[in-house]
Amino acid sequence: LYCMFICSFIFLSGSLLLESKVQADTAYHKQCETLIVWSENDNTELALSFQERAGCDEIWAKICQVQGKDPATTTITQEMESEEADEEERFEDIPDAAMPIELPPCQISKLFEIRELFDSAMNSPIRRERLAIALQQENYIPQLIDIFHMCEDVENTEELHVLFDIFKTIFMLNKNSIFEIMFTEDLIFEVLGILEYDPTLSEPAGHRQFIRDKANFKECIPFSNPSLIEKIHQTYRVQYIQDIVSPTPSVFEDNMLSTLSSFIFLNKADIVTMLQEDDVFLSMLFQQLQDENLDTQKRIDLASLLREFCTFSNTLQIQSRTSFLRSLANKRLFPTIETLLGIDVEDIWAVAADILSFATDTNPSLVRDYMVQEASSHDEDALLINIVIERIVKNPGCNAEGTLLGLLRTLIDPENMLRALNRMEKSEFLAFFYKYAMHRFTEPVQLATHGTDCLKYISKSENTSLIASVLDVLAFAVENHTYHVKNYILSKEILQKVLLLMNPRYSFLALNALKFFRKIIGLKDEFYNRYIIKFDLMKYIVDAYVKNGVRQNMLNSAVLEMFEFIKIEDIKTLIRYTCERHIEALIKVEACPTFNALKTKYEQQLERQNSAAAAAGGGTRGGDFLSGGGGGVIKTFDTSRFRRDPRDLEVDEENYFNSEDDGGDGVDLATLNKPLYNSPVVVQSKVFDSKPPPNKVIGGGGGGILATTTTTTATTSPTTTPLTSSSPLVDYADDSDDDDASSTDSPDKQSPNKRQKVSSTVT
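Everything quoted here is computed from the prediction, not taken from an experiment.

S.K.: Could you give an account of the overall build of the chain, with specific residues and numbers?
M.R.: What the chain contains, in helices and strands, is 36 helices and seven strands. The 763 residues of the chain split such that 43% are buried. Summarising the internal contacts of the chain: among those between residues at least 6 apart in sequence, 67% fall at separations of at least 24. Split by element, the accessible area of the chain, about 40400 Å² in all, is 49% carbon and sulfur.

S.K.: So what's going on with the pattern of salt bridges? Which residues, and what values?
M.R.: Enumeration over the complete set of coordinates arrives at 27 salt bridges. Between Arg115 and Asp165 there is a salt bridge; the shortest N-O distance is 3.1 Å. With Arg115 in helix H3 (residues 111-121) and Asp165 in helix H6 (residues 157-172), the pair connects residues that are 50 residues apart, well separated along the chain. Linking Lys524 and Glu569 is a salt bridge whose minimum nitrogen-to-oxygen distance equals 2.9 Å.

S.K.: I'd love a proper account of the packing of aromatic side chains, names of residues and values included.
M.R.: Taken as a whole and judged by the stated rule, the model has 19 aromatic pairs. Seen in terms of ring centroids, Phe210 and Tyr240 are 5.5 Å apart; in terms of plane orientation they differ by 15°. Their pairing is stacked. You can see Phe210 sitting in helix H9 (residues 207-214) and its partner Tyr240 sitting in helix H10 (residues 226-245), a full 30 residues away along the chain. Its relative accessible area of 32% is what places Phe210 among the partly exposed residues. Its relative accessible area of 12% is what places Tyr240 among the buried residues.

S.K.: Quick one: what's the story with the sheet that holds strand S5 (residues 44-49), residue by residue and with numbers?
M.R.: The strand order S3-S4-S5 describes an open sheet built from three strands, whose pairing is antiparallel. The strands lining the two open edges of the sheet, one partner per strand, are strand S3 (29-31) and S5. Ignoring which end each strand starts from, the neighbouring axes of this sheet average 25° apart. In this structure, strand S4 (residues 35-40) lies alongside S5, joined through six bridges in antiparallel fashion.

S.K.: Go over the nonpolar core with me, naming the residues and quoting the values.
M.R.: Counting 136 residues, the largest nonpolar core has Ile385, Phe433 and Leu495 as the members making the most contacts within it. The contact partners of Leu495, leaving out residues within four places of it in the chain, are Ile489, Phe516, Phe517, Ile520, Tyr531, Ile532 and Leu537. If you look at the next biggest cluster of nonpolar residues, it comprises 49 residues, including Ala134, Phe179, Leu187 and Phe189.

S.K.: Quick one: what's the story with the packing of helix H15 (residues 333-342) against helix H16 (residues 346-362), residue by residue and with numbers?
M.R.: Direction vectors running N to C along H15 and H16 enclose 150°, while the axes themselves pass 8 Å from each other. Here H15 lies roughly antiparallel to H16, going by the angle between them. The element H15 and its partner H16 pack so that their crossing is left-handed. In this structure, H15 uses Leu333, Phe334, Ile337, Leu340 and Leu341 to contact H16, whose residues at the interface are Ile348, Trp349, Ala352, Ala353, Ile355, Leu356 and Ala359.

S.K.: Summarise the side chain of Lys567; cite the residues concerned and give the values.
M.R.: Among the secondary structure elements, Lys567 is positioned in helix H30 (residues 554-568). A residue is classified by how much of its surface remains accessible, and Lys567, at 17% relative accessible area, is buried. Not counting residues within four places of it along the chain, the set of residues in contact with Lys567 comprises Thr594, Ala597, Leu598 and Lys601.

S.K.: So what about the packing of helix H28 (residues 526-534) against helix H31 (residues 572-581)? Which residues, and what values?
M.R.: In contact at an axis separation of 10 Å, H28 and H31 are set at 10° when each is read in the N-to-C sense. As summarised for this structure, H28 and H31 are arranged roughly parallel, according to the angle between their axes. H31 is crossed by H28, and the crossing has left-handed handedness. Residue-level inspection shows Glu526, Asn529, Ile532 and Ile533 of H28 in contact with H31, the latter providing Thr573, Leu574 and Tyr577. When grouped by side-chain class, the residues that make up the contact of H28 with H31 number four nonpolar, two polar and one charged.

S.K.: Break down the side chain of Asp525 for me, with residues and values.
M.R.: By secondary structure assignment, the location of Asp525 is in the loop between helix H27 (507-522) and H28. A polar side-chain atom of Asp525 sits 2.5 Å from a polar atom in the side chain of Lys486.

S.K.: Tell me about helix H11 (residues 258-276), and name the residues and values.
M.R.: Compared with an ideal rise of 1.5 Å per residue, which puts 19 residues at 27 Å, H11 spans 27 Å between its outermost C-alpha atoms and is within 8% of the ideal. Restricting attention to buried positions, one finds in H11 the residues Thr259, Leu260, Phe263, Ile264, Asn267, Ala269, Ile271, Val272 and Leu275. Summarising the contacts, the buried residues of H11 are in contact with helix H7 (176-182), H10, helix H12 (279-289), helix H13 (296-312) and helix H14 (318-330).

S.K.: An account of unusual backbone geometry is needed here, citing residue identities and associated values.
M.R.: The backbone phi angle of Arg332 is positive, close to 75°, even though this residue is not glycine. By the secondary structure assignment, Arg332 is in the loop between H14 and H15. Even without being glycine, Thr482 reaches a positive phi, approximately 45°. Along the chain, Thr482 falls in the loop between helix H24 (461-480) and helix H25 (483-491).

S.K.: Give me H28: which residues, what numbers.
M.R.: Buried residues dominate H28, accounting for seven of its nine residues. Within H28, burial applies to Phe527, Tyr528, Asn529, Arg530, Tyr531, Ile532 and Ile533. Between the side-chain oxygen of the N-cap and the backbone nitrogen of Phe527 there are 2.8 Å, and the N-cap of H28 in question is Asp525.

S.K.: Break down the confidence of the model for the chain for me, citing the residues and quoting the values.
M.R.: Across the chain, pLDDT averages 77, with 73% of residues at or above 70. Within the model, the stretch residues 80-85 combines pLDDT values under 50 with three contacts to residues more than four positions away or in other chains.

S.K.: A description of the environment of Leu384 should follow, citing residues and the corresponding values.
M.R.: With respect to the helices and strands, the residue Leu384 is situated in helix H18 (residues 384-394). A C-alpha to C-alpha distance of 8.4 Å links Leu384 and Ile337, two positions 47 residues apart in sequence. The contact partners of Leu384, leaving out residues within four places of it in the chain, are Ile337, Glu338, Leu341, Leu356, Tyr370, Met371 and Glu374.

S.K.: Residue-level account of the pairing of S4, with values.
M.R.: Sheet topology note: the S3/S4 ladder contains three bridges and is antiparallel. Across the sheet, the residue bridging to Lys30 is Ile36, located in S4.

S.K.: Could you give me a rundown of the environment of Lys588, with the residues and numbers involved?
M.R.: Structurally, Lys588 can be placed in helix H32 (residues 583-589). Separated by 39 residues in the primary sequence, Lys588 and Gly549 place their C-alpha atoms 9.8 Å from one another.

So, how was this worked out
Residues numbered from 1 in each chain as written. Predicted model: local features only at pLDDT ≥ 70, side-chain atom pairs only at ≥ 80, totals over all residues. Heavy atoms only, no water. Helix = DSSP H or I, 4+ residues; strand = E, 2+ residues; numbered from the N terminus. Buried < 20%, exposed > 50% of the residue type's maximum accessible area, 1.4 Å probe, protein only. Contact = heavy atoms within 4.5 Å. Areas by Shrake-Rupley, 256 points an atom, 1.4 Å probe, with all protein chains shown as cover. Salt bridge = Lys/Arg side-chain N within 4 Å of Asp/Glu carboxyl O. Phe/Tyr/Trp six-rings, centres within 6.5 Å; stacked < 30°, edge-to-face > 60°. Pairing = 2+ DSSP bridges. Axes fitted to C-alpha atoms, helices over the stretch in contact; angles between N-to-C directions. Core = buried A, V, L, I, M, F, W, Y, C linked by side-chain atoms within 4.5 Å. Parallel < 35°, antiparallel > 145°, perpendicular 65-115°, else oblique. Left-handed = near helix turned anticlockwise from the far one by under 90°. Nonpolar A, V, L, I, M, F, W, Y, C, P; charged D, E, K, R; others polar. Polar contact = N/O pair within 3.5 Å; in protein donor to acceptor, adjacent residues only side chain to side chain. Expected span 1.5 Å × (residues − 1). pLDDT = per-residue confidence, 0-100.

Structure representation (C-alpha cells):
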C-alpha cells in the first residue's frame, strides 16, 4: 500500500505545523481550486490552503494516487455520508440515547437526583425529547408542584432553590406541550411561585403578589365569553414570565425560548379572532367612544382597549389583518378616530394617533379612500387629514407628534399607492392633499417668516423642531411628487419663504432650510434651476455664508458641500449663475478651492462658447449671459440625447403646468415653462466685427440657433451690466428706412424688441 504524509511548515521559521497521513478510506474534498478539506477521527476537521493553484494540484494528485482516483475528474475522493446519518450513528453508539428516561420518584429526598438527571438530559437532543415525553406521561409537573407546597410551608429554602433549577431546565426544553400543562389556570400561579426562589436573589421576588394585587384587569365592556377572559389572563401572565422572570437570552441563545414566544403569539391571535366575532362587543365599543357625554377616564380606558385590540391584530397574517381592519371600518372606526382626535385631552388623541397609525400601516389605501370620499360631504375643517395636521401644527412637541408625522408621510408615499386599471390612486389622493391640506401643513413656515410675532414663534424650541419636521416632509414630497409639489412650491413661493430662515443666528433653522434647498439642487431639475435663477434665490445662501464668516461650523460646511455638489455634477446653469452673480462675495469671505474650481469651470465654459461662436460665425465674444447689454440670439437645446431622469415631467405633467389655474397667486407657471430670456439655458451672446446685411442670418448652420433675428454691430469688448427688468435681451439697431416703409403696422409705436423680423437663409 502506497502512503504519504502531508506536511505543512511555518514560513520563515521552517518549523512543522501539521503532519497528516493520507488514508485510503478518508474522504478528501478539493474546494475553490486552492483548498483541500478532510476529517480525522470524529471531532477533527482539517483544511489545507494553498497560495497558488499549482501547489494545490500537486498535493491533490498525490492524494488521488494513494486512493486510486483520477485527479482531473475527482473533487471528492470518497462518498461522504450525510450529517443526519452521522448524527444517528453517533447516537446509536450511546446505548441510553434511544431508551426512555426513567424518572426518579417525585420526593423531597430525590430533588437533587432529579436536578442532575434533568441537567444531563440537556446535553442531547434525543434525551431532551425523551425527558419531555416522560414528564407528560408520568404527570410529573403537578407532582413537583405538590413538593413545592410542602417545601414552602416549612420554609425549606435549599429545596426551593433546587426546584427553581428544575423548572428552569423544564422551560429550556422549549416544548409547547409542556407549556400548555404549566400555564393552565390551576398551575400557573404555582409555577410563578417556584420562579420566585432564584438562588441568586437574597429574598423571594414576589411575582404572585404583583399579579394578584397590582396587576388589575379592567373590563371596560363586559365580555360574554368566559374562554376569552381566561385566554386574556393566561396571555398576560405568560407575557410577564417571558419579560420579567425568564433570563435574557444571549447572542448565542436567540431561539432558547422561541416556543414560549410562539405560545404568546398564538394566544393573541385567538383573542383577536374571538373579539372580531363578537358583534355586540364591537358595537358597544364604538357607540360609547362616540358618546359626547362619556366620562374622560372611561373614554381613555375604552380607547386604550381599542388600541390594545389593534396591537394584538399584528399577530394575524396580512390578509386576515386587512380583513380585520375592514370590519372595524364598517363599525365606524374612522369617524371614531375623528371624534377622539377632536377632544382636547392629550391622553385621548395620543391613543387615537396610535390607532390611526395602525390602520395606515396595515392598509394605507383604505385610509386614503375614506379621506378622499369625505371631501365631498364635509367641511375642510372637519376632514380627517386636516384634523391630523391641526394636531401636529397646534401641539408642537407633544408625545404623539412623531406618530402623526409618520402616518402622514406614509399616506403621501407614492410607493404604497395602488395603480389599478380603473383608477389612479396617486393622482387622486395627491390632488386632494395639495388642494385641501398642504397649505395647513406648511403653516409653521408662514408663521416663522411673516408677521410681527415670527421672532417670538421661532424662539421656542418645540416650534423650531416642528418646522424641521415640516421641511423634512416637504423634502420627501419634492423627491417623490413631481409636478404636484412643483406647482405648490412655485405658486405659493414656498422656497422663498423657507430661505428666509437662512439666518446664522438661528443655526438649527438655517441648516434645515439649507437641507431643503440642497434637496432641490440635488434633483438637478432645470425647472427648479431656472426658477432659482429668475428670482435670484441663491442670494439667501450667499448672504448667510457671508454673515457667518470664516467660522468652521456646520453651516459653512453645508454651504461648501452644496457648491461642491454643483461643481462635481457640473450643473452648468447654476455654475454660470453663481459665478456671474455671487462668486466675488463668496471668495471675499474665504478663497477656498471649491469657489476657485467653480470660477475655473465657468471660464472654461466661456472659452468653449467663444470657440463655438468663432467656428460658427467668424467672430468671438465673451459676455455676461445675465446682463442686458450686447446682442444675442435665442438658442434651444436638444435634450433627447440625455438619459431621462425618472423625476422628469411627462407630457401630461407639462400640460398640467400650462393649464393649471391658481387664481393668479404666485408665479405664472405657463410663463415659467417657456424659455426665460435671462436664463443661461437659452441665451448665447455673440458679437460681430461689422454690421451684417439686413435680414440676413449669421451662422445659419449652427445647430439649435433659431435664426429669426439680426444681430447688432459691436466693436467694443463686452461689459457686465446688472440685470434689470428693463434691460432687453437683444438691443436691435435702428432699422433702415426700407424696413420702416415696408411695415404695415406703425413701427414707431412698437418696441424694437417686439418688431417682426423677416429672415432668409444664408447660402
